[in-house]
Amino acid sequence: MALPSVWSEMRVGLLLLSALSLLSARLVGAAQDSGSVIPAESRPCVDCHAFEFMQRALQDLKKTAYSLDTR
C-alpha cells in the first residue's frame with residue numbers, strides 16, 4: 001500500500017521541479033534580453049572575427065618561432 005503513495009509523491013516532486021526549471025529559464029532569458037543591443041551594421045561579421053583571430057594566431061606563431069630560432 002505504500003507503493004502508490006511513493007509514486008504520487010514522485011509525480012508531485014517532478015511537477016514542481018519542472019515548473020521551477022521553466023520559471024528559472026524564463027528569468028534567465030529575461031535577464032539576457034535586458035542588455036544593450038548593438039545594431040547589426042556596427043558589429044563585425046563572423047568572417048571578420050575569424051580573420052582577426054587567425055591574424056593574431058599567426059603573429060603569435062611567428063613570435064614563438066623567432067624566439068625559438070634566436071635560442
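Every value quoted in this text rests on a predicted model; they were computed, and no experiment measured them.

A.B. asks: For this particular structure, what's the right way to read the overall build of the chain?
C.D. replies: Within the chain, the secondary structure is distributed over two helices and zero strands. Looking at the chain residue by residue over its 71 residues, the buried ones come to 0%. In the form shown here, the chain has an accessible surface area of approximately 7,000 Å², with 68% of it arising from carbon and sulfur atoms.

A.B. asks: Help me understand a nonpolar patch on the surface in this model?
C.D. replies: Taken together, Val6, Trp7 and Met10 make up a surface patch of nonpolar side chains, about 300 Å² in accessible area. Tracing the sequence through the fold places Met10 in helix α1 (residues 2–33).

Each value, and the rule that gives it
Residues numbered from 1 in each chain as written. Predicted model: local features only at pLDDT ≥ 70, side-chain atom pairs only at ≥ 80, totals over all residues. Heavy atoms only, no water. Helix = DSSP H or I, 4+ residues; strand = E, 2+ residues; numbered from the N terminus. Buried < 20%, exposed > 50% of the residue type's maximum accessible area, 1.4 Å probe, protein only. Areas by Shrake-Rupley, 256 points an atom, 1.4 Å probe, with all protein chains shown as cover. Patch = residues over 30% accessible without salt bridge, like charges linked within 9 Å, V, L, I, M, F, W, Y side chains within 5 Å. Salt bridge = Lys/Arg side-chain N within 4 Å of Asp/Glu carboxyl O.

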